[in-house]
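So you can see what is in the structure, the chains are spelled out below.
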Amino acid sequence: MTDIIIIGAGPAGMTAAIYARRASKSVLVLEAMSYGGQIINTPDIENYPVAAHISGFEFAQNVYNQAKALGAEFKFEKAVEIRDSGDTKTVVTPKNEYEAKAVIIATGSENRKLGVADEDKLVGRGVSYCATCDGAFFRKKAVAVVGGGNTALEDALYLADIAEKVYLIHRRDRFRGEDATVEKLKQRENVEFVYNSVVTKLNADKKLESVEVTDKQGNVRTLEVSGLFVAVGRIPENQNFASVIELDGAGYAVAAENCRTKTPGVFVAGDNRVKDVRQLVTATADGAVAATEAVKYINS
Amino acid sequence: MAVKTITTETFASEVLQSNIPVLVDFYADWCGPCKMLRPTLEELSVEKSGVKFAAINIDDNPEMADEYGISSIPCVILFKNGKEADRSIGLRPKEAFDEMLG
Ligand SMILES: Cc1cc2nc3c(=O)[nH]c(=O)nc-3n(C[C@H](O)[C@H](O)[C@H](O)COP(=O)(O)OP(=O)(O)OC[C@H]3O[C@@H](n4cnc5c(N)ncnc54)[C@H](O)[C@@H]3O)c2cc1C
């Protein structure tokens, strides 16, 4: 039996692995995709202390190497269930079952979809969830951004420098994001605000050609765009574990700063936990706390 | 085998005229997920026979990205007899490519 199983090899999970190994506990990290988590999508991190500038890829690589050198074991399997039998927890993957004394769920979050027909089919053919990743493909083209928070506003500003035209589609007439960014966008001649509207249809042949938006009065308008950037938030990856942790209305794992859940021996760390600031520094902080709590739990 | 770097100039001879299927990784140096994906493709290129593995940098060869309508990378396209047979977008686990290659 492993001492601690960590689900998710993002910044939170890999930091937890470092802390748990330094406390001499055996560690198995289960990862569904590849180590690093969301952060591998950005070429520029400029707000993590000590590193004035580092790419997400390098960040992921460094943390992975550190955890690995300390003796953490990594397996690339998706955790689909946790069974709690008191002192033993069983983590189930499609191929195997693993037993541990304690489990840390560090599964982060994934992009929220719009939920319009053909959205999945058009990912990589015009539909994107990451402006900094895919913006370069829309040089001098028309694009639309959907959303009302800071991510949507910043995406629109980023794209305004690249694309010929940027429509910013928002279902209300006021943004949740910062006023300063809204003001900057208003200065841009190639940015058009499309208020009180939602995307109702994607028109595509092989690639996205236009999107249909419908406003509150029911008026339909077609925007000729080859790119649609969806920035309507992220959803935590906690659904598989709802039997052992409590989720809030938005699906985040309910746990205080100590990262403890309602099940003794099961901890949560990172972006999937209820919190106000979801950043690397808060994710790694959670990793440290959850591992320390898990070690304490095992030793007691 | 390993993943072979190709260009717009060599695309036809390496991919379109190949008599075995070719898996082409469209990537860029600034793309983190592309870097995460490469070791998987390198592994598969050693494990799989009867398939050629190639990679093309879309910044240096934008014509090919245009030609295949690529708007997000990593984008991996499987070519059979010079035609697109399947396409995978984004970072995906090894099994996904195993399945794609049959
Ligand atoms: C484009 C972009 C740019 C960003 N830039 C910055 C920045 O500059 N500075 C900053 O501080 N923050 C930035 N962030 C936010 C930062 O990336 C996140 O706060 C951080 O990655 C959260 O870490 P995490 O470990 O909690 O979750 P994640 O990074 O989401 O990692 C979770 C991991 O768990 C895995 N997983 C999920 N479910 C399962 C399962 N069932 N079984 C096994 N594995 C599973 C996932 O595949 C993933 O690898 C950025 C985010 C994005 C998307």
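Starting from 1, residues in each chain are numbered consecutively following that chain's sequence as written. Labels are handed out in written order, letters beginning with A for the chains and numbers beginning with 1 for the ligands. The predicted nature of this model means local features are confined to residues of pLDDT at least 70 and side-chain atom pairs, given and counted, to a pLDDT of 80 or more, with totals for whole chains, interfaces and linings taken over all residues. In computing side-chain properties, one takes all heavy atoms of the structure into account and sets aside hydrogens as well as water.

(A) Just the packing of helix α2 (residues 32-47) of chain B against helix α4 (residues 94-101) of chain B, in detail. Residues and elements named next belong to chain B. Where α2 meets α4, the axes come as close as 10 Å, and the angle between the chain directions of the two elements is 40°. As summarised for this structure, α2 and α4 are arranged oblique, according to the angle between their axes. Seen along the crossing, α2 lies across α4 with a hand that is right-handed. Along its contact with α2, which presents Leu37, Thr40, Leu41, Glu43, Leu44 and Glu47, the element α4 presents Lys94, Phe97 and Asp98. Polar here means any residue other than Ala, Val, Leu, Ile, Met, Phe, Trp, Tyr, Cys and Pro, which are nonpolar, and Asp, Glu, Lys and Arg, which are charged; Gly is therefore polar. Within the contact of α2 with α4, the residues separate by chemical class into four nonpolar, one polar and four charged. For helices, the fitted line uses only the C-alpha atoms of the stretch in contact; every axis is such a line through C-alpha atoms, and the angle between N-to-C directions lies from 0 to 180 degrees. Only DSSP runs of H or I covering at least 4 residues are called helices, and only runs of E covering at least 2 are called strands; the numbering of each starts at the N terminus. An angle counts as roughly parallel when it lies under 35 degrees, as roughly antiparallel when it exceeds 145, as roughly perpendicular when it falls between 65 and 115, and as oblique in every other case. The handedness criterion is simple: a crossing whose near helix is rotated anticlockwise from the far helix by less than a right angle is left-handed, and one whose near helix is rotated clockwise is right-handed. Here, residues are in contact when the closest pair of their heavy atoms is within 4.5 Å.

(B) Main features of the sheet that holds strand β12 (residues 197-204) of chain A. Residue and element names in this part refer to chain A. Any two strands are treated as partners once DSSP identifies two or more bridges connecting them. Sheet architecture is open: three strands sit in the order β12-β13-β14, paired in antiparallel fashion. The sheet terminates laterally at β12 and β14 (220-223), the two strands that pair on one side only. Neighbouring strand axes in the sheet, compared pairwise and without regard to direction, differ in orientation by 25° on average. Relative to β14, strand β13 (residues 208-215) runs antiparallel, the two being bridged by four bridges. When the bridges of β14 are listed, Thr214 appears paired with Val220.

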